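Given next are the chains, with one letter for each unit.
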Amino acid sequence: MVTFITISYKYTICNQIVKELEPTLRRKENLVQYKDRYVYIKRVACKIGHKEHTAYVYLDCDVDCGSDESRKALKRAAQNQTSTADLHKTLENSGLFMIVSSLPFAERLDFIIRLLSVPAPDP
């Protein structure tokens with residue numbers, strides 16, 4: 001069995017899972033602390049690939065990163081550099097990211113927050 005982990009910054013995979021988990025993601029029971037970072041985390045099992053391998057999707061919302069993204073989006077909007085629709089989409093998705101793994105991880109999920117040190121690719 002091949003194990004893998006990947007970070008998805010775009011929702012090109014698992015759109016159904018995002019729709020399922022995102023409405024209840026930002027709840028007290030999903031909030032995890034690692035050092036000075038706080039991240040909301042939810043996990044769900046799914047089947048991926050042509051051979052329908054079991055994988056685990058972790059939908060996450062980094063509170064600090066989301067705040068930064070929102071602040072930048074609001075600044076662009078104040079300078080009339082973005083539409084209201086684009087602003088709304090950015091605010092709605094600020095801080096969200098997804099990790100897909102072939103293995104379920106421990107309940108504390110501190111490793112996910114350690115991954116936040118990996119810089120996001122430019123859009």
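Shown above is the structure to which this text applies.
Worth saying up front: this structure is predicted, and the values here are computed from it rather than measured.

## Details of the packing of helix H2 (residues 63–78) against helix H3 (residues 84–93)
Okay, so step 1: At a minimum axis distance of 9 Å, the contact between H2 and H3 shows a crossing angle of 170°. Overall, the two elements H2 and H3 adopt an arrangement that is roughly antiparallel. Contact with H2, carried on its side by Glu69, Ser70, Ala73, Leu74, Arg76 and Ala77, involves Leu87, Thr90, Leu91 and Asn93 of H3 and no other residues of that element.
Okay, so step 2: Grouping the constituent residues of the contact of H2 with H3 by class yields five nonpolar, three polar and two charged.

## A look at the pairing of strand E5 (residues 96–101)
Okay, so step 1: A large share of E5 lies buried, amounting to six of its six residues.
Okay, so step 2: The alternating pattern of E5 places Leu96, Met98 and Val100 on one face and Phe97, Ile99 and Ser101 on the opposite face, and all of these are buried.

## Some words on the pattern of salt bridges
Okay, so step 1: Taken as a whole and judged by the stated rule, the model has three salt bridges.
Okay, so step 2: We note a salt bridge from arginine 71 to aspartate 68, for which the minimum N-O separation is 2.3 Å. With arginine 71 and aspartate 68 both in helix H2 and three residues apart, this pair spans about one turn of that helix.
Okay, so step 3: Look at aspartate 68 and you get partly exposed, because its relative accessible area is 29%.

## Brief notes about the pairing of strand E3 (residues 37–48)
Regular strands have side chains that alternate between both faces of the sheet.
Okay, so step 1: Pairing of strand E2 (residues 31–34) with E3, which is carried by four bridges, proceeds in the antiparallel orientation. Counted as the bridge partner of leucine 31 is tyrosine 40 from E3.
Okay, so step 2: With antiparallel pairing between neighbouring strands as the criterion, E2 and E3 make up a hairpin whose turn holds two residues, including lysine 35 at a positive phi of roughly 55°.
Okay, so step 3: With ten bridges joining them, E3 and strand E4 (residues 53–62) adopt antiparallel strand pairing.

## Quick notes on unusual backbone geometry
Okay, so step 1: With a phi angle near 55°, asparagine 80 is a residue other than glycine that sits in the positive phi range.
Okay, so step 2: With respect to the helices and strands, the residue asparagine 80 is situated in the loop between H2 and H3.
Okay, so step 3: Judged by its relative accessible area of 71%, asparagine 80 is exposed.

Reading the values: the criteria
Residues numbered from 1 in each chain as written. Predicted model: local features only at pLDDT ≥ 70, side-chain atom pairs only at ≥ 80, totals over all residues. Heavy atoms only, no water. Axes fitted to C-alpha atoms, helices over the stretch in contact; angles between N-to-C directions. Helix = DSSP H or I, 4+ residues; strand = E, 2+ residues; numbered from the N terminus. Parallel < 35°, antiparallel > 145°, perpendicular 65-115°, else oblique. Contact = heavy atoms within 4.5 Å. Nonpolar A, V, L, I, M, F, W, Y, C, P; charged D, E, K, R; others polar. Buried < 20%, exposed > 50% of the residue type's maximum accessible area, 1.4 Å probe, protein only. Salt bridge = Lys/Arg side-chain N within 4 Å of Asp/Glu carboxyl O. Pairing = 2+ DSSP bridges.

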